[in-house]
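If you want the building blocks of each chain, they are given just below.
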Amino acid sequence: MPHASAQFDTDAIAAWLTANLPGFRGPVTAEKFPSGQSNPTFRLETPGGTYVLRRKPPGTLLKSAHAVDREFRVQKALAQTDVPVARMHVLCEDDSVIGSAFYVMEEVHGRNFDDPRLPGVDRAVRSRIYDEMNRVLAAIHGVDVDAAGLGDFGASGNYYRRQIDRWSRQYRASETEEIPDMKALMGWLDANAPEDDGRRALVHGDYRIDNLLFAPEGPECLAVIDWELSTIGHPFADLAAVIMQWRLPAGAEARGLAGADREALGLPSDEAFVGAYCRRMGIAAIDNFGFYLAFSFFRMGAILQGVKKRALDGNASDPERGLRLGAYVPQFAAYGLDAAQNA
C-alpha cells in the first residue's frame, strides 16, 4: 500500500496528463509506494480512477541509471507477448513538469509478496506460484526481440564482459568505504568472464518474486514490474539472480530463503527450479553456474552500494531503508566470493 504524501506538484501533473493522456481528468492526489528504492513510484487518485506514476529520483544521478524511458519502452513493447506487464499510458521526458522524467501506467490490482516464503498462502498454491514464476521467466527469455521492436535495446557482444565493466565503474563511482571482498570479487570476475556463447535474449535484470504481481486468488502472474535494469543480454543472469536471492536470509528484509524448510513450505529447491527452467527453454543443463551466481552477487552488491550512496547524499526514495540495504554490501561480496570459489 502507498504511504506518505506526493513529492511533486500534483497540479502540474494533472495539467500535463489532461493535455497528453486522452480521457484523463483531474484533480490528482498522490501517495508514494514504500517499495521502489531506485525510481520512486506513486499511486495517482483521480475522479476517473487510479494510475501509477514512476519517476526518476531528484538530484545528481549516475550516468545511464534510473532510465524510466527504457522501462516505459520495454513494457510497451511486451504488451503483445506472453509476458504479463501493466499497460503503459504515457511517458514525459520534460524535466520541467515535476523536476524529472516520469511515466504513467495502469494500476494492476494484484498480490505482491515481499517474503518469498509466502506466509499465509496454502502449500499447494505456493508450488503453483513458483512454477508460474518459472514460466514467466522463460517467457521473458523467449521473446522475439526483433519482432517486438527491441533488437536495439542492448549492445551486441559479450554481455558479461560489458556488465562486469559497467558495474565495476558504477560501484567505484558510489564507493563509500573499501570492502576487500568486493575488490577481490571484481578481480575474479574480470579474470573469469566466459567467452560469448551466442545466447541473446531480453533480460529483466532484477527478476525476483517481489517484482511480480499475482492474481488476488490463485497463482496467475498479472504483471512483471520494475524493468529499470532490463536490456538485451544473457538469460542465465536472470536465472542466477533468482537463486542468488534465495541464498539470502529469510524474511521480508533480505527477501531470501536461507534456512527455510522449502519442502515443507511447498517451495522448489534450487536444482528443481533450474531444471524446470531448462526444460522450458529446451536446454539439457547449465555449465559453470557458479560464475553466473558470483556475478549476480557482485552486481546486486554494486546496486545496493548505489542505494547507500544516494541515501547518504539525500537522494534516496527511502533513505532509512537505503542505509539498511547498503549495509548488506559486504555480505553480498562474501557470498559472491564463495560462489566463485565453488564455480
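In this text, all values refer to a predicted model and were calculated from it rather than measured experimentally.

1. Observations regarding the pattern of salt bridges
Oppositely charged side chains may form a pair once their charged atoms are brought near each other. In this structure the tally under the stated criterion is 19 salt bridges. Here E71 ties to R54 by a salt bridge, and the two come within 2.7 Å at their closest N and O atoms. A residue pair is termed long-range when its members are at least 10 positions apart, and E71 in helix α2 (residues 68-77) and R54 in strand β4 (residues 49-55) qualify at 17 residues. With a shortest N-O distance of 2.8 Å, R135 and E132 are connected by a salt bridge. Taken as a pair, R135 and E132 lie in helix α3 (residues 123-141) at a separation of 3 residues, close to a single helical turn. Connected via shared salt-bridge partners are D206, R208, D210 and R255.

2. Let's talk about unusual backbone geometry
Note the cis peptide between G26 and P27, where omega equals 5°. The phi dihedral of D226 is positive, around 60°, even though this residue is not glycine.

3. Brief notes about the pairing of strand β2 (residues 29-32)
Here β2 shows a clear split, with A30 and K32 buried on one side and none of T29 and E31 buried on the other. In this structure, β2 lies alongside strand β3 (residues 41-46), joined through 4 bridges in antiparallel fashion. Following the sheet pairing, E31 is matched in β3 by R43.

4. Observations concerning helix α5 (residues 180-192)
The end-to-end C-alpha separation of α5 is 18 Å, in line with the 18 Å expected for 13 residues at 1.5 Å each. Looking only at α5, the buried set comprises M182, L185, M186 and L189. When α5 is viewed along its axis, its buried side chains cluster within an angular range of 100° and face the same direction. Across α5 from its buried face, at more than 90 degrees, point the exposed residues P180, K183 and A191. Contacts made by the buried residues of α5 are with α4 (159-174), α9 (289-313) and α11 (329-341).

5. Brief notes about the nonpolar core
Of all hydrophobic cores here, the largest spans 81 residues; its most connected members are V83, L202, Y207 and W227. Residue contributions to this core peak at 12 residues, all from α9. Ignoring anything within four residues of it in the chain, the contact list for Y207 reads M133, V136, L137, I140, L212, V224, D238, A241 and V242.

6. Re the pairing of strand β6 (residues 102-106)
Among the 5 residues of β6, 4 are classified as buried, and the element is accordingly described as predominantly covered. In this sheet, β6 lies alongside β4 in antiparallel orientation, the contact comprising 5 bridges. Along β6, the bridge assignment pairs V52 with M105. In the sheet, strand β5 (residues 88-92) pairs with β6 via 4 bridges, with the strands oriented antiparallel. The residue of β6 that forms the bridge with V90 is V104.

7. Remarks on the packing of α9 against helix α10 (residues 319-326)
Contact geometry of α9 with α10 gives a least axis separation of 8 Å together with a crossing angle of 140°. In this view, α9 runs oblique relative to α10, as classed from their interaxial angle. Of the two possible hands of crossing, α9 and α10 adopt the one that is left-handed. Here L304, V307, K308, A311 and L312 of α9 come into contact with α10, specifically with P319, G322, L323, L325 and G326. Of the residues belonging to the contact of α9 with α10, the class tally is 7 nonpolar, 2 polar and 1 charged.

8. Let's talk about the side chain of R262
Its location among the elements puts R262 in helix α7 (residues 262-265). Take R262: its relative accessible area is 15%, and that puts it in the buried class. R262 has contacts with W246, L257, L267, P268, S269 and D270, leaving out every residue within four places of it along the chain.

How each quantity is defined
Residues numbered from 1 in each chain as written. Predicted model: local features only at pLDDT ≥ 70, side-chain atom pairs only at ≥ 80, totals over all residues. Heavy atoms only, no water. Salt bridge = Lys/Arg side-chain N within 4 Å of Asp/Glu carboxyl O. Helix = DSSP H or I, 4+ residues; strand = E, 2+ residues; numbered from the N terminus. Buried < 20%, exposed > 50% of the residue type's maximum accessible area, 1.4 Å probe, protein only. Pairing = 2+ DSSP bridges. Expected span 1.5 Å × (residues − 1). Arc of directions from axis to C-beta. Contact = heavy atoms within 4.5 Å. Core = buried A, V, L, I, M, F, W, Y, C linked by side-chain atoms within 4.5 Å. Axes fitted to C-alpha atoms, helices over the stretch in contact; angles between N-to-C directions. Parallel < 35°, antiparallel > 145°, perpendicular 65-115°, else oblique. Left-handed = near helix turned anticlockwise from the far one by under 90°. Nonpolar A, V, L, I, M, F, W, Y, C, P; charged D, E, K, R; others polar.

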